[in-house]
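Fold and contact review
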2 protein chains.
Amino acid sequence: MSVTSKRIVLASRPSGPVTHENFRLENKELGAPVAGEVLIKVTAMSLDPYMRGRMDDAKSYAAPVEVDGVMEGGAVGEVLESKADGLAPGDKVFGMTGWCDHAIMRAKELRKLPNDIPETTALGVLGMPGFTGWYGLTQIGQPKKGETLVVAAATGPVGSMVGQYAKHKGLRVVGIAGGEKKCKHAVEHFGFDECLDHRTFEDAKDARTKIAAACPDGIDIYFENVAGTVLEGVLPNLNVFARVPICGMIAYYDGAASAERYDLPKLWRTLLVQRAVAHGFIISDHWDMFPEFLKDAAPLVANGTIKFTEDVAEGLENAPDAFMSMLKGGNFGKQIVKVA
Amino acid sequence: MSVTSKRIVLASRPSGPVTHENFRLENKELGAPVAGEVLIKVTAMSLDPYMRGRMDDAKSYAAPVEVDGVMEGGAVGEVLESKADGLAPGDKVFGMTGWCDHAIMRAKELRKLPNDIPETTALGVLGMPGFTGWYGLTQIGQPKKGETLVVAAATGPVGSMVGQYAKHKGLRVVGIAGGEKKCKHAVEHFGFDECLDHRTFEDAKDARTKIAAACPDGIDIYFENVAGTVLEGVLPNLNVFARVPICGMIAYYDGAASAERYDLPKLWRTLLVQRAVAHGFIISDHWDMFPEFLKDAAPLVANGTIKFTEDVAEGLENAPDAFMSMLKGGNFGKQIVKVA
């Protein structure tokens, strides 16, 4: 069997905000799988903030996507044809296929998925984003019962894992999200104690005041995934011995970056005076712990302790729009693209 | 016995650089020790950068010195009169007496010193500064053989402990110090691999280039005790998984603070991309580990593996001058004031 794959490539690197001109939809003849490979029909793909970083040619923790190369990304799909032991047509798999509707992958690059849980969870709550939240919280955040945690993008797949897992461990959890609807969802669906709408933050000082009011005992863990005004509102509220796992900074990805109140000396002073830790991590360094994560978190997802919310865009061709919207906080829950 | 103590009090809080007007020498009648107390004749007192922070009325990890209160500080001395078990006239002790020539202290606030090692080591290499270097390096820095460490104030009591202990553990050690003479001393006396004169740094970019040249394999540990241009030159040279224990930032203490190249977004990006840790610590949180430090470091001092250099000012009345000079890097080695 030989199929044509529809795929989205990086047409040009963005200068500032991402635009349609940075993407191009094209067809590619795939050929047929050879020994050790399988042909996959992609059913759903993941859109994640880290992909914005891959569009730039800057030094980062991973190589950038090449211009004219397929956009990087994880996806779930169904095996159509297999030349590999252990995988058969009909099997559901996860793999880093990129933004496309069909792919030939080496079997060892794929993870076979169980049949008893929706496959799209492998893109979100039980995939890279959920693992990111779990790892950063448990390994760097070191949560202790009774402490206070703040996490932004509270209804996203990382933030909702962090907040729900922290609740599960007995912490006070304050979320931050964009808009009343998301804040309500964080409290009512995900069980956060409180959720602040960052659109009501007039500036860093106002953010600081509102965050302080929601955290009467200060902040012991700030799980950083957005940066910007939220970060500047959080920093003055950190408690002694606070931990700040840093997994992302979506507010800074599109080039816009103002840090009016906190400069380097002020941040340094906060870290020293509060004996705080700021600790960057990249989840791809820690795949060895993924089985432990699944063992811990999958039962919590299965029994409803940890819930998940998905935002589904229809059709590969709509991935760029969904991606651009997500970078502005337009998604509601884990953003996926239904491909087939 | 009742004695008059000469002491130096905080006459006013500095606005910007410290001046003579901020200090006042006065006499105080001490009375006599009561049960549990001893009268001490101070022989030498310590001058340390942290004292600058105590002069301000800002929120910090310790309460500020009150205006008209005696300047805070550690000192060594000899017991003149004892109303406490375990201490007898002639015993050498260390205690937080403040800037004075006589003090009455509770015995339990004092540490009795051994007779076989110069008592002033309790102010430097085997006291708070040495312990600060040892703790930050071993507990946060996590040094591994073959790695590269950078530390500034290389000939000071913290920096020289950090560098020498790191050499002892098999690291490449690059010091930074002010002036050719100190740099030569760091290499020839303390055994650093290299030492850069920060007075030759034209700006942060130049610092970055010179530090990069001295660290061909990048920087795994940056022991932060100065901040400023050195910090900004170091940050772009951090390796993946770098550790930055932060114990001080003398460059920022006097109010002057420019961070032209690094703002918060840029620092945050460095921590994330390099999966680096910035971890503030205050040594007074960790006195429980002091016996372990002494057990490890005292033999290394005794056998000459770890050397120390002292800069001695004569006379209590000269402490303000010595202190102001130290804040500008004018000291050569651990700054002490010989009181009697």
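You'll find the structure just up there.
Position labels on residues start from 1 in each chain and follow its written sequence. Key to labels: chains lettered from A, ligands numbered from 1, both in the order written. Given that this is a predicted model, residues contribute local features only at a pLDDT of at least 70 and side-chain atom pairs are listed and counted only at 80 or more, while totals for whole chains, interfaces and linings are drawn from all residues. Note: side-chain values were computed over all heavy atoms of the structure, leaving out hydrogens and water.

**Observations regarding the interface of chain A and chain B**
Facing 37 residues of chain A, the contacting portion of chain B comprises 38 residues. In this description, buried area is defined as the sum, over both parts, of the accessible area (probe of 1.4 Å) that is lost when the two are combined. Interface of chain A and chain B: buried area, both sides summed, is about 3,300 Å²; carbon and sulfur atoms make up 71% of it. Salt bridge, as used here: a side-chain nitrogen of Lys or Arg that lies within 4 Å of a carboxyl oxygen of Asp or Glu. Counting across the chain A and chain B interface gives two salt bridges. Here Asp285 of chain A and Arg275 of chain B are joined by a salt bridge, their closest N and O atoms 2.6 Å apart. Two N or O atoms form a polar contact when they lie within 3.5 Å of each other; inside protein one atom must be a possible hydrogen donor and the other a possible acceptor, and for residues adjacent in sequence the pair counts only when both atoms belong to side chains. Put simply, chain A and chain B have seven residue pairs in polar contact (both at pLDDT 80 or more) between them. Counting from the N terminus, the helices are DSSP H or I runs at least four residues long and the strands are E runs at least two residues long. Here the element with the most residues in the side of chain A that touches chain B is helix H8 (residues 264-273) of chain A; it accounts for eight residues. Of the residues that constitute the side of chain A that touches chain B, the class distribution is 26 nonpolar, five polar and six charged. Only when DSSP finds a minimum of two bridges between them are two strands counted as paired. Both strand E13 (residues 277-280) of chain A and strand E13 (residues 277-280) of chain B contribute to a ladder of three bridges, which runs antiparallel. Looking at the pairing, His279 of chain A lines up with Val277 of chain B of E13 of chain B. Throughout, a residue-residue contact means that at least one pair of heavy atoms, one from each residue, lies within 4.5 Å. Put simply, Ala, Val, Leu, Ile, Met, Phe, Trp, Tyr, Cys and Pro go in the nonpolar bin, Asp, Glu, Lys and Arg in the charged bin, and everything else, Gly too, in the polar bin.

**Comments concerning the pattern of salt bridges**
For the structure on display, the rule yields 32 salt bridges over all chains. Measuring nitrogen to oxygen at the nearest pair gives 2.8 Å for the salt bridge that ties Asp48 of chain B to Lys334 of chain B. A residue pair is termed long-range when its members are at least 10 positions apart, and Asp48 of chain B in the loop between strand E3 (37-46) and helix H1 (50-54) and Lys334 of chain B in strand E15 (residues 334-338) qualify at 286 residues. Residue Asp91 of chain B pairs with Lys112 of chain B through a salt bridge whose shortest N-O separation is 3.5 Å. In this pair, Asp91 of chain B is assigned in the loop between strand E4 (75-82) and strand E5 (92-95) and Lys112 of chain B in strand E7 (residues 111-112), connecting sequence segments 21 residues apart. Salt bridges sharing common partners tie together Arg7, Arg24, Glu26 and Asp68 of chain A.

**Brief notes about the pairing of strand E11 (residues 219-223) of chain A**
Residue and element names in this part refer to chain A. Relative accessible area decides the class of each residue, using a 1.4 Å probe on protein chains only: under 20% of the type maximum gives buried, over 50% gives exposed, and in between gives partly exposed. Of all five residues in E11, five are buried; the element is thus mostly enclosed. The pairing of strand E8 (residues 148-152) with E11 spans three bridges and is classified as parallel. Residue pairing in the sheet places Val151 in a bridge with Phe223 of E11. Pairing geometry for E11 and strand E12 (residues 238-246), over two bridges, is parallel. By the bridge assignment for E12, Ile219 is matched with Leu238. A clockwise course of the path from the first strand over the helix to the second, judged with the strands pointing away from the viewer, identifies a crossover as right-handed. Each parallel crossover has a hand, and for E11 linked through helix H6 (residues 228-234) to E12 it is right-handed.

**Observations concerning the relation of the copies chain A and chain B**
Copy-to-copy alignment: least squares on C-alpha atoms, limited to residues at pLDDT 70 or above in both. The two copies are related by a screw operation: chain A maps onto chain B through 180° of rotation and 0.0 Å of translation along the axis, at an RMSD of 0.0 Å. One copy is carried onto the other by what is essentially a two-fold rotation axis. Most of the interface of chain A is mirrored in chain B: 100% of its interface residues are interface residues there too.

**Things to note about the environment of Leu25 of chain A**
Residue position: Leu25 of chain A is located in strand E2 (residues 23-29). What Leu25 of chain A contacts, discounting residues up to four positions off in sequence, is Arg7, Ile8, Leu316 and Glu317 of chain A.

**Re the packing of H8 of chain A against helix H8 (residues 264-273) of chain B**
To obtain an axis, a line is fitted to C-alpha atoms, over the contacting stretch when the element is a helix, and the angle between two such axes runs from 0 to 180 degrees between their N-to-C directions. Running from N to C, H8 of chain A and H8 of chain B cross one another at 55°; their axes reach a closest spacing of 9 Å. It follows from the interaxial angle that H8 of chain A and H8 of chain B lie oblique. Judged by residue contacts, Leu264, Leu267 and Trp268 of chain A of H8 of chain A engage Leu264, Leu267 and Trp268 of chain B from H8 of chain B. Broken down by class, the residue content of the contact of H8 of chain A with H8 of chain B amounts to six nonpolar, no polar and no charged. In this scheme, roughly parallel covers angles under 35 degrees and roughly antiparallel covers those over 145, while 65 to 115 is roughly perpendicular and the rest are oblique.

**Focus: unusual backbone geometry**
Negative phi characterises most residues that are not glycine, and trans characterises most peptide bonds. The phi dihedral of Gln142 of chain A is positive, around 50°, even though this residue is not glycine. The class of Gln142 of chain A is partly exposed, set by a relative accessible area of 42%.

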